[in-house]
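Observations on chain architecture
Chain residues, written in single-letter form:
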Amino acid sequence: MSDINIAEAKEKIFSRGFLDINVDPSLDLFAVIEKLKKEKNAILLAHYYQDADIQDIADYIGDSLGLAQEAEKTQADIIVFAGVHFMAETAKILNPDKKVLLPDLNAGCSLADSAPAPEFAKFKEKYPGHIVISYINCSAEIKALSDIICTSSNAEKIIESLPKEQKIIFAPDKNLGAYLSKKTGRQMVLWNGACMVHEIFSLEKITKLKIRHPKAKVIAHPECEDAVLRIADYIGSTTGLLKFSQKDDAEEYIVVTESGILHQMQIASPNKTFIPAPPTNNCACNDCPHMKLNTLEKLYLCMKYELPEIVMNKQLLTASKKPIERMLEISRKYGL
Ligand code: 13P
Ligand code: SF4
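This is a predicted model, so every value here is computed, not measured.

Before going further, it helps to examine the site of ligand 1. In the vicinity of ligand 1 there are 13 residues, among which His47, Ser64, His221, Glu223 and Thr238 approach most closely. Here an oxygen atom of ligand 1 sits 3.3 Å away from a polar atom, N or O, in the side chain of Asn137. Glu223 is positioned such that a nitrogen or oxygen atom in its side chain is 3.0 Å from an oxygen atom of ligand 1. About the coverage of ligand 1: the protein hides 96% of its 300 Å² of free accessible area.

Structural data, given as structure tokens:
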């Protein structure tokens, strides 16, 4: 690999959002990443939707809540986030004095993008007296406009922790919001956002799969549309789905979420069969294109050069921290 200096690396990051350098194909990336972790006192946090090789080398693999909790308590000097931008940003908000790295700054999220802050601020003005609960899949600017953040593992408890008469705006995921309204019996004003991966699962194809695998249980993420959730045997966050598949006694599961989670399901239950749910067309749309921007090569370069880094201004860091802390506090109270 051709080595470059930090100034050149910064220049490259500026133009591409990730380091585009040829990596020697004979390099044992697992070994060098492990070495860099130790040398730099860095922790590697990975979401379940990452490629299997990234999951295999991570210090912690989890859902959005678990990752935020792990980021909150880490003693490492550097947090390397194998996930998407809003996740790394959350880690930075919780650790303003630590270096937080994301292998590819372009790893965004269609759901977070569906809620631009200026539009959301205007929307919020139309509903005075409402508390804003925002799903963690949103920008720091949206977090700063929110009262409490939630994830799919704690949203129900967070809603139920509020007085019954409290009016609520839920953003940005309309599918999760509708699911939570149904579960808690609370009317909420919903922002009209959705995830491009979860919205595209085909009810028709899942139903056909179910006919071919009559004993298979359908397990789905609550970011899916209502029609899909109605046929699910279990609905939960990625950690919820994984735990359910471990404890439950079925032998086959149709998994309606991003396909990366199948790696941990298969490790935890090697004798069970996990079938990824098909999307509406023949694309690989059950792979999140944002999550999959991170690669082992980019991860290595990011750790070597400590770039790209999440940088935020102080005002935004402070304003977005409060609603995240409120979420973590409520989660602790309920043992989540
Ligand atoms: P969880 O892992 O918190 O269930 O979220 C899923 C997701 O879409 C993350 O982007
Ligand atoms: Fe965003 Fe959906 Fe990808 Fe999760 S799976 S990061 S919600 S686009």
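Back to the write-up after that little detour.
What follows is about the pattern of salt bridges. Using the criterion set out here, one finds 17 salt bridges in the structure. The salt bridge partner of Glu306 is Lys99, with a shortest N-O separation of 2.7 Å. Taken together, the residues Glu306 in the loop between helix H15 (296–305) and helix H16 (314–333) and Lys99 in strand S4 (residues 99–101) connect sequence positions 207 residues apart. In this structure Lys99 comes out as partly exposed when scored by relative accessible area, which is 26%.

Pairing in this open sheet of four strands is parallel, and the strands run S6-S5-S7-S8 from one edge to the other. Edge positions in the sheet fall to strand S6 (148–150) and strand S8 (189–190), since each of these pairs with one other strand and no more. Two strands pair when backbone bridges link them, and strand S5 (residues 130–135) and S6 are joined in this way by three bridges, in the parallel orientation. Within S6, the position partnered with Tyr135 by the bridge is Cys150. Docked against the sheet, helix H7 (residues 117–125) engages S5, strand S7 (167–171) and S8, running at close to 165 degrees with respect to S7.

A separate point is the packing of helix H4 (residues 64–73) against H16. Between H4 and H16, whose axes approach to 11 Å, the crossing angle comes to 100 degrees. By the angle between their axes, H4 is roughly perpendicular relative to H16. For the pair H4 and H16, contact is made by Leu65, Ala68, Gln69 and Glu72 and by Met327, Leu328, Ser331 and Arg332, respectively. A per-class count over the contact of H4 with H16 returns four nonpolar, two polar and two charged.

The rules behind these values
By convention here, each chain's residues receive numbers from 1 onward along its written sequence. For naming, the first written chain is A and the first written ligand is 1, with later ones following in the order written. In view of the model being predicted, local features appear only for residues whose pLDDT reaches at least 70, and side-chain atom pairs are presented and counted only at 80 or more, with totals across whole chains, interfaces and linings using the full set of residues. Values shown for side chains rest on all heavy atoms present in the structure; no hydrogens or waters enter the calculation. Working definition: residue near molecule or strand if any one of its non-hydrogen atoms lies within 4 Å of it. Nitrogen and oxygen atoms within 3.5 Å of one another constitute a polar contact, given that in protein one can donate a hydrogen and the other can accept it, and given that sequence-neighbouring residues count only through two side-chain atoms. All accessible areas in this document rest on Shrake-Rupley with a 1.4 Å probe, and a residue is counted as covered only by the protein chains that are shown. The term salt bridge refers to a pairing of a side-chain nitrogen on Lys or Arg with a carboxyl oxygen on Asp or Glu at a separation within 4 Å. Runs of E in the DSSP output that reach at least two residues are strands. Runs of H or I that reach at least four are helices, and both are numbered from the N terminus. Accessible area is worked out with a 1.4 Å probe on protein chains only. A residue is then buried under 20% of its type maximum, exposed over 50%, and partly exposed in between. Should DSSP find at least two bridges between two strands, the strands are regarded as paired. The contact rule is simple, with two residues in contact once any of their heavy atoms fall within 4.5 Å. Helix axes are fitted to C-alpha atoms over the stretch in contact, other axes to C-alpha atoms as well, and angles between N-to-C directions run from 0 to 180 degrees. With respect to orientation, any angle under 35 degrees is reported as roughly parallel, any angle over 145 as roughly antiparallel, any angle of 65 to 115 as roughly perpendicular, and every other angle as oblique. Each residue is assigned to one of three groups, with Ala, Val, Leu, Ile, Met, Phe, Trp, Tyr, Cys and Pro labelled nonpolar, Asp, Glu, Lys and Arg labelled charged, and all others, Gly among them, labelled polar.

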